[in-house]
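The residues making up each chain are set out below.
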Amino acid sequence: MRKNQGSMLCPSCGKLISVSEERCPFCGAWRPGLYGWAPVVQRFFGRQFDVIRLIMVACVTLYVASLLLQPDAILSGGGGLFNILAPGNQALYQLGMTGGIAWRQGWWWTVFTAIYLHGSLLHIFFNLMIVRNLAPGVNQVYGPARAFVIFSLSGAAGFVLSNLVSGSATVGASGSIFGLFAALIVYGRRVGHTMLTRQLWPWVIINFVLGFTMSNVNIWAHAGGFAGGWVIAEAMRFNDDKRESLGVQLLALGLLLVTAAGFVLSFINVTAILMGK
């Protein structure tokens, strides 16, 4: 609930102030209480927001939904190890696949929704396994809101590059994963943790090179995700206590809402097209 009175920690300097202060008396931040909503946002990211759980649950739920929406496509996608339990394109478009028709239609939000969709059982298994290993580290050194911003914007950057260069229909969290790699490398460089950067660079190179040896791998999304994650992480301001600014928290909340709305918009638009045939 909105807090109209009492005290709170200033999102900029961390000092105890009144929630109704027009300016923070310590750092001069304008409207630090955000008209009573700042404490609500801070509590959400401080206690309730589990970025790793959110990503894992969203990916699994949407993968199952993609199979249920078009069950006849599961066994018609051809053989091969990487086509096991592959959802159909119609279902993926309904849930927010980017590129192809979606990009030509101007459905820009799909660069966010496609992050959480996957093209086969092995696709989602390997991606979530890597997310489960990388995301806790990013969450620990950057904080949950910044970790979600990095994950979302790097994935979106990868899909934007992919859509501009190839225009092919595409899904997957790989661009975001390369963004997480980049964020950890940037952190290691910034704090002088050379052991961390030395461990990560070989994994980045190996995963990128492997993409050239496998079919249906979106190299452009990988490259764009890594570049996007690097730029975003460089722009992040963090300190020893890893306090996240209200601005970053609001950005994370905005990205979360845009992505959720994107799933709804994609489903409505594609379903309307299918019903009009």
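Calculation rules
Residues numbered from 1 in each chain as written. Predicted model: local features only at pLDDT ≥ 70, side-chain atom pairs only at ≥ 80, totals over all residues. Heavy atoms only, no water. Helix = DSSP H or I, 4+ residues; strand = E, 2+ residues; numbered from the N terminus. Buried < 20%, exposed > 50% of the residue type's maximum accessible area, 1.4 Å probe, protein only. Contact = heavy atoms within 4.5 Å. Areas by Shrake-Rupley, 256 points an atom, 1.4 Å probe, with all protein chains shown as cover. Phe/Tyr/Trp six-rings, centres within 6.5 Å; stacked < 30°, edge-to-face > 60°. Core = buried A, V, L, I, M, F, W, Y, C linked by side-chain atoms within 4.5 Å. Axes fitted to C-alpha atoms, helices over the stretch in contact; angles between N-to-C directions. Left-handed = near helix turned anticlockwise from the far one by under 90°. Nonpolar A, V, L, I, M, F, W, Y, C, P; charged D, E, K, R; others polar. Polar contact = N/O pair within 3.5 Å; in protein donor to acceptor, adjacent residues only side chain to side chain. Parallel < 35°, antiparallel > 145°, perpendicular 65-115°, else oblique. Salt bridge = Lys/Arg side-chain N within 4 Å of Asp/Glu carboxyl O. Expected span 1.5 Å × (residues − 1).

A. Local environment of the overall build of the protein chain. The helix and strand tally for the protein chain stands at 11 helices and 2 strands. For the protein chain, the proportion of its 277 residues judged to be buried stands at 46%. Counting only contacts in the protein chain whose residues sit at least 6 apart along the sequence, the fraction spanning at least 24 positions is 70%. As displayed, the protein chain has an accessible area near 13800 Å², and 64% of this comes from carbon and sulfur atoms.

B. Just the environment of A86, in detail. With respect to the helices and strands, A86 occurs in the loop between helix 2 (51-69) and helix 3 (89-95). Taking the C-alpha atoms as reference points, A86 and H123, separated by 37 residues in sequence, lie 9.1 Å from one another. The residues contacting A86, other than those within four sequence positions of it, are L67, A73, I74, G119 and S120.

C. Structural view of the packing of aromatic side chains. Counted under the stated rule, the structure contains 12 aromatic pairs. Taking 6.0 Å as the distance between ring centres and 80° as the angle between the ring planes, the aromatic pair formed by W108 and W109 counts as edge-to-face. For W109, a relative accessible area of 10% puts it in the buried group.

D. Spatial organisation of unusual backbone geometry. Positioned with a positive phi, L85 is a non-glycine residue whose angle comes to about 50°. The topology assignment puts L85 in the loop between helix 2 and helix 3. A relative accessible area of 34% means that L85 is categorised as partly exposed.

E. The arrangement of the nonpolar core in detail. One finds Y116, Y142, I150 and F151 to be the most contacted residues of the largest nonpolar core, which totals 64 residues. The biggest single contributor to this core is helix 8 (residues 174-191), with 10 residues. Excluding residues that lie within four positions of it along the chain, I150 makes contacts with V138, Y142, G155, G179, L180, A183, I232 and M236.

F. Broad picture of the packing of helix 8 against helix 10 (residues 219-235). Where helix 8 meets helix 10, the closest approach of the two axes is 7 Å, and the angle between their N-to-C directions is 35°. Crossing geometry of helix 8 relative to helix 10 is assigned as right-handed. The segment helix 8 lies against helix 10, with S174, G175, F178, G179, F181, A182, A183, I185, V186, R189 and R190 engaging A221, H222, G225, F226, G229, W230, A233 and E234. For the contact of helix 8 with helix 10, the per-class residue count stands at 10 nonpolar, 6 polar and 3 charged.

G. Summary view of the side chain of S154. Within the element layout of this structure, S154 appears in helix 7 (residues 144-165). Of note is the side chain of S154, whose polar atom sits 3.4 Å from the backbone oxygen of F151. Aside from chain neighbours lying at most four places away, what touches S154 is V149, G175, S176, G179, G224, G225, G228, G229 and I232.

H. Quick look at the packing of helix 6 (residues 121-142) against helix 7. Where helix 6 meets helix 7, the axes come as close as 7 Å, and the angle between the chain directions of the two elements is 130°. Judged by the inter-axis angle, helix 6 sits oblique to helix 7. Regarding helix 6 and helix 7, the two cross each other, and that crossing is right-handed. Residues V131, V138, N139 and Y142 of helix 6 pack against P144, R146, A147, I150 and F151 of helix 7. Residue composition of the contact of helix 6 with helix 7, grouped by class: 7 nonpolar, 1 polar and 1 charged.

I. View of the pattern of salt bridges. Applying the stated rule across the entire model yields 2 salt bridges. Among the ionic pairs, R189 bridges to E234, the shortest N-O distance being 3.2 Å. With a gap of 45 residues between them, R189 in helix 8 and E234 in helix 10 connect regions that are remote in the sequence. E234 sits in the partly exposed class, given a relative accessible area of 37%. In the salt-bridge network here, residues are joined through shared partners; they are R189, R190 and E234.

J. Highlighting the environment of I52. Positionally, I52 belongs in helix 2. On the basis of relative accessible area, I52 is assigned to the buried category, the value being 13%. In this structure the C-alpha to C-alpha distance between I52 and P144, which are 92 residues apart in sequence, comes to 8.7 Å. Sequence-distant contacts of I52, defined by excluding residues within four places in its chain, comprise R132, A135 and P136.

K. Structural view of helix 6. Compared with an ideal rise of 1.5 Å per residue, which puts 22 residues at 32 Å, helix 6 spans 30 Å between its outermost C-alpha atoms and is within 8% of the ideal. Here helix 6 has its buried residues at L122, I124, N127, L128, V131, L134, A135, V138, V141 and Y142. Buried residues belonging to helix 6 abut helix 2, helix 7, helix 8, helix 9 (194-213) and helix 10. The distance from a side-chain oxygen at the start of helix 6 to the backbone nitrogen of H123 is 3.2 Å, and the residue carrying that oxygen is S120. Once helix 6 ends, the next one or two residues include G143, with phi positive near 100°.

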